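Below, each chain spelled out in residue letters.
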Amino acid sequence: MNKRMTSNRLPALFLITSALTATWMFPVQAAEPVAAVQDWPMWSGPTANWLASPDEKGLIADLNQAKLLWTSEDKACGGVRGQSRRYGGRVGMKPSAGGASPIVYRDKVYFYFLEPKGAVSSNISYNHDPRVMAEQFLADPKLVSQGFNKEQFLDLWRIEANDVVLCMDADTGKTIWKKVFPDGLYHDDWGKPRNANNTPAAGAGKIFFYSSMGVLRALDAESGELAWEAWNSEEKQAQRQAVIDRGHLQEKRAPKAIMGPPVLFADGLAIFTHAASKNNYGREKSLVAFDGASGEQKWRVDNVGPGQGAPSLWFHDGVSYIVAASQLGNVACVRVADGKVMWKLTGKAYNGHSITVAGDYMVINEMGETKKYKSAQLGAYKLTPEKAQHLWTLPPELHNSNATSPRIIYKDRVYVRRADVKPLPESILVLDLQTGKLLAETEVDHDINGCQIIADDKIYYELDGNHNSVSLINSYSADPADFRRLSQWTMPNGPTNAYEIPMARPIVKGKMYARHNDGHIRCYDLTAQQKTTSK
């Protein structure tokens, strides 16, 4: 049941800087907002639609010219793409630290991750015990000569974890504070959609995150001190202990770990997407809003949230809304102030990942399969608080693509990847937002399922390089009259994506912040006037 807010709040997304209160301003019919400050306080950017601040100017066209400015002091951030239970034991694979992305707020970088510890699972694929497998590997002279590490192998299959939040200086990468919560659970299956994207959000001087046990926590952004927590209880800790006593986290292959999509922050509220189903992998989830200052729950709306991606924020006439979609083909608009459901669409295609909203427009998977994400046709809508008015749906001969393909609304245009639709090649399409008319296209040489960011009239797409065993980022001109690839950059220091969960690479003040598989966060200069302070 929704609980109405009683306090007064600003009508649009706001961030508080150390010197002033900066308000996001949203022209009524603009295709993108105008930002008064530069931050990346949530997974999909300052307004949750992958658009960097319009103040980002002078960025390089060729990403191969990106210059490393710093490498994080702390290397404990862990890897990204981890093991999959169906493959059994994998020698040499590093344990994943989860699929969260870094965020940038008030000239600091924040990152949430998991540290496996403690008990080892007694049962992985095909009833194999990792402890037995480790002894078998130790008996293999070839593996031993190659440096087989028993403890590192067992780290893949531990069922306890520390939940960790790290704060770094955005200019130097130096650790400012590190907060460890020892009451987490580790997840031993990180393949495809089972990688948890618990990316935090920042606002009102706090960092909000969703722990591996489903505990909601708010930390002071300056000190890291715990401000409040919710959904922690003796019963929840008893459930954790029962998992440890049982000796394994999962039964068969059904994921049982908490997999909370990224947190949002708007109008002073921290908004969590909560899995209400028994195995926390429900096809529809609940949106739950908490007062960012006090931790008081303000409202809850059930059966509206996505399975993995983040809901989108929509700003209209000074009022903030959440637009969320599910794997079952439902799309809902929820007013942030009080949790009122303004309208709802049903019977659409799979939308378990993120949808895109900018200005007063939305693009979703309109037609195609539900419960799966194999193919879908893109559709566009004009939004009002009373309804979503359908504008167009692309015909299958033009677009019948993987339902997780990224799409962006920018300057009255839609950018979307098209899968290989014979006889048409796999391409990125540029469409007129009002009509769906094809304005331009360019072929791509890899699948696109990673992040997509527009900054300084350029598009940065991360590609699926052999299921992200290689991280490739392409840059494109956003101009439909000159739509082409500007560069392809192989990001160094190991694969950095989370397989089917896009890894955000925040672009703030001319810098890109990226997580790497060796456990470090790195900062790259993307400006034409580069400094020489790399190390």
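Up top is the structure.
Residues numbered from 1 in each chain as written. Predicted model: local features only at pLDDT ≥ 70, side-chain atom pairs only at ≥ 80, totals over all residues. Heavy atoms only, no water.

Participant: What is the right way to look at the overall build of the protein chain in this model?
Facilitator: Scanning the protein chain from N- to C-terminus turns up 4 helices and 34 strands. For the protein chain, the proportion of its 535 residues judged to be buried stands at 61%. Residue pairs at least 24 apart in sequence account for 59% of intrachain contacts in the protein chain once pairs closer than 6 positions are excluded. When the accessible area of the protein chain is evaluated, it comes to approximately 19,200 Å², of which 49% is carbon and sulfur surface. (Helix = DSSP H or I, 4+ residues; strand = E, 2+ residues; numbered from the N terminus. Buried < 20%, exposed > 50% of the residue type's maximum accessible area, 1.4 Å probe, protein only. Contact = heavy atoms within 4.5 Å. Areas by Shrake-Rupley, 256 points an atom, 1.4 Å probe, with all protein chains shown as cover.)

Participant: Help me understand helix 4 (residues 234-246) in this model?
Facilitator: For an α-helix, 3.6 residues make a turn, and residues three or four places apart therefore share a direction. For helix 4, built from 13 residues, the straight-helix expectation of 18 Å at 1.5 Å per residue is met to within 8% by its first-to-last C-alpha distance of 18 Å. Within helix 4, the full set of buried residues consists of Lys236, Arg240, Val243 and Ile244. Viewed along the axis of helix 4, the buried residues span an arc of 100°, placing them on a single side of the element. In helix 4, those exposed residues whose orientation departs by more than 90 degrees from the buried face are Glu234, Glu235 and Asp245. Looking at the buried residues of helix 4, the elements they touch are strand 5 (108-120), strand 6 (158-169) and strand 7 (175-185). (Expected span 1.5 Å × (residues − 1). Arc of directions from axis to C-beta.)

Participant: What should I look at first to understand the packing of aromatic side chains in this one?
Facilitator: Working definition: an aromatic ring pair is given by the centre-to-centre distance plus the angle between the planes. Inspection of every chain in the model, using the stated rule, returns 20 aromatic pairs. The interplanar angle of 40° and the centroid separation of 6.2 Å between the aromatic rings of Tyr210 and Phe272 together place this pair among those described as tilted. Of this pair, Tyr210 sits in strand 9 (residues 206-210) while Phe272 sits in strand 13 (residues 269-274), placing them 62 residues apart in sequence. By relative accessible area, Phe272 is classed as buried at 1%. Here Phe272 and Phe290 contribute two aromatic rings whose centre-to-centre distance is 5.9 Å and whose plane-to-plane angle is 85°, an arrangement assigned as edge-to-face. Here the residue Phe272 occupies a position in strand 13, and Phe290 occupies one in strand 14 (residues 285-291), the gap between them amounting to 18 residues. Accessibility expressed as a relative area gives 2% for Phe290, which makes it buried. Of the aromatic side chains, those joined through ring pairs into one cluster are Phe208, Tyr210, Trp228, Trp231, Phe265, Phe272 and Phe290. (Phe/Tyr/Trp six-rings, centres within 6.5 Å; stacked < 30°, edge-to-face > 60°.)

Participant: For this particular structure, what's the right way to read the pattern of salt bridges?
Facilitator: Two side chains of opposite charge can pair, provided their charged atoms sit close to one another. Tallied over the full model, the rule gives 22 salt bridges. Notably, a salt bridge pairs Lys174 with Glu73, separated by 4.0 Å at the nearest N-O pair. Of this pair, Lys174 sits in the loop between strand 6 and strand 7 while Glu73 sits in the loop between strand 3 (67-71) and strand 4 (103-105), placing them 101 residues apart in sequence. The closest approach of N and O atoms between Glu151 and Arg158, which form a salt bridge, is 2.9 Å. Judged by its relative accessible area of 9%, Arg158 falls in the buried class. Because the salt bridges share partners, they merge into one network encompassing Asp74, Glu115 and Lys178. (Salt bridge = Lys/Arg side-chain N within 4 Å of Asp/Glu carboxyl O.)

Participant: Could you clarify how one ought to interpret unusual backbone geometry in this entry?
Facilitator: Keep in mind that most residues, glycine aside, have a negative phi and that most peptide bonds are trans. Positive phi values are uncommon outside glycine, yet Trp50 reaches one of about 70°. Structurally, the position occupied by Trp50 is in the loop between strand 2 (21-23) and strand 3. Residue Asp317 is not a glycine yet carries a positive backbone phi of 50°. On the secondary structure map, Asp317 appears in the loop between strand 16 (312-316) and strand 17 (319-325).

Participant: Would you mind showing me how to read the side chain of Asp338 here?
Facilitator: Looking at the secondary structure, you find Asp338 in the loop between strand 18 (331-335) and strand 19 (341-345). Taking relative accessible area as the criterion, Asp338 reaches 7% and is therefore assigned buried. In this structure the side chain of Asp338 is engaged in a polar contact, spanning 3.1 Å, whose partner is the backbone nitrogen of Lys340. (Polar contact = N/O pair within 3.5 Å; in protein donor to acceptor, adjacent residues only side chain to side chain.)

Participant: I'm lost on the sheet that holds strand 24 (residues 407-410) in this one. Help?
Facilitator: Neighbouring strands of a sheet are bound in pairs by backbone hydrogen bonds; such pairs are parallel or else antiparallel. As summarised here, the arrangement of the 4 strands in space is 24-25-26-27, forming an open sheet in which the pairing is antiparallel. Both outer strands of the open sheet, strand 24 and strand 27 (438-443), are each paired with one neighbouring strand and no more. Across the sheet, the mean angle separating the axes of adjacent strands is 20° when strand polarity is ignored. Of the pairings in the sheet, the one linking strand 26 (residues 427-432) to strand 27 comprises 5 bridges and is antiparallel in character. Residue Leu429 lies in a different strand from strand 27, and its bridge partner there is Glu441. (Pairing = 2+ DSSP bridges. Axes fitted to C-alpha atoms, helices over the stretch in contact; angles between N-to-C directions.)

Participant: What should I look at first to understand helix 1 (residues 130-138) in this one?
Facilitator: Along helix 1, the residues classified as buried are Pro130, Met133, Ala134 and Phe137. Along the axis of helix 1, the buried positions cluster into a sector of 105°, meaning they face one direction only. Looking at the buried positions of helix 1, the neighbouring elements they touch are strand 5, helix 2 (141-145) and helix 3 (150-155).

Participant: Just checking my understanding: could you explain the sheet that holds strand 15 (residues 297-305) for this structure?
Facilitator: The strand order across the open sheet built from 4 strands is 12-13-14-15, with neighbouring strands paired in antiparallel fashion. The sheet is open, and its two borders are formed by strand 12 (264-266) and strand 15, each paired with just one other strand. Mean inter-strand twist for the sheet, computed between neighbouring axes without regard to direction, equals 25°.

Participant: Got a minute to help me understand the pairing of strand 6 in this structure?
Facilitator: Looking along a regular strand, one sees side chains alternate from face to face of the sheet. Among the 12 residues that make up strand 6, 11 are buried, leaving the element largely enclosed by the rest of the structure. Judged from the 11 bridges that link them, strand 5 and strand 6 form a sheet pairing that is antiparallel. Each bridged residue has a counterpart across the sheet, and for Phe111 the counterpart in strand 6 is Leu166. By the bridge criterion, 8 bridges tie strand 6 to strand 7 in an arrangement that is antiparallel. By the bridge assignment for strand 7, Val164 is matched with Val180. From the end of strand 6 to the start of strand 7, which pair antiparallel, there are 5 residues, and Gly173 there has a positive phi angle of about 80°.

Participant: Any chance you could explain the nonpolar core here in plain terms?
Facilitator: Ranked by size, the top nonpolar core spans 55 residues in total, and within it Trp40, Tyr110, Trp489, Ile507, Tyr513 and Leu526 carry the most contacts. Residue contacts for Trp489: discarding those within four places in its chain leaves Leu63, Asn64, Ala66, Ser471, Leu472, Ile473, Met512 and Tyr524. Ala48, Leu264, Ala324 and Val334 belong to the second largest nonpolar core, which has 31 residues in total. (Core = buried A, V, L, I, M, F, W, Y, C linked by side-chain atoms within 4.5 Å.)

Participant: How should I be thinking about the environment of Ser312 in this particular structure?
Facilitator: Mapped onto the secondary structure, Ser312 falls in strand 16. The buried category is assigned to Ser312, whose relative accessible area is 0%. Sequence spacing of Ser312 and Val357 is 45 residues, and the spatial spacing of their C-alpha atoms is 6.2 Å. Among the polar contacts made by the side chain of Ser312, one reaches the main-chain carbonyl oxygen of Ile355 at a distance of 2.7 Å.

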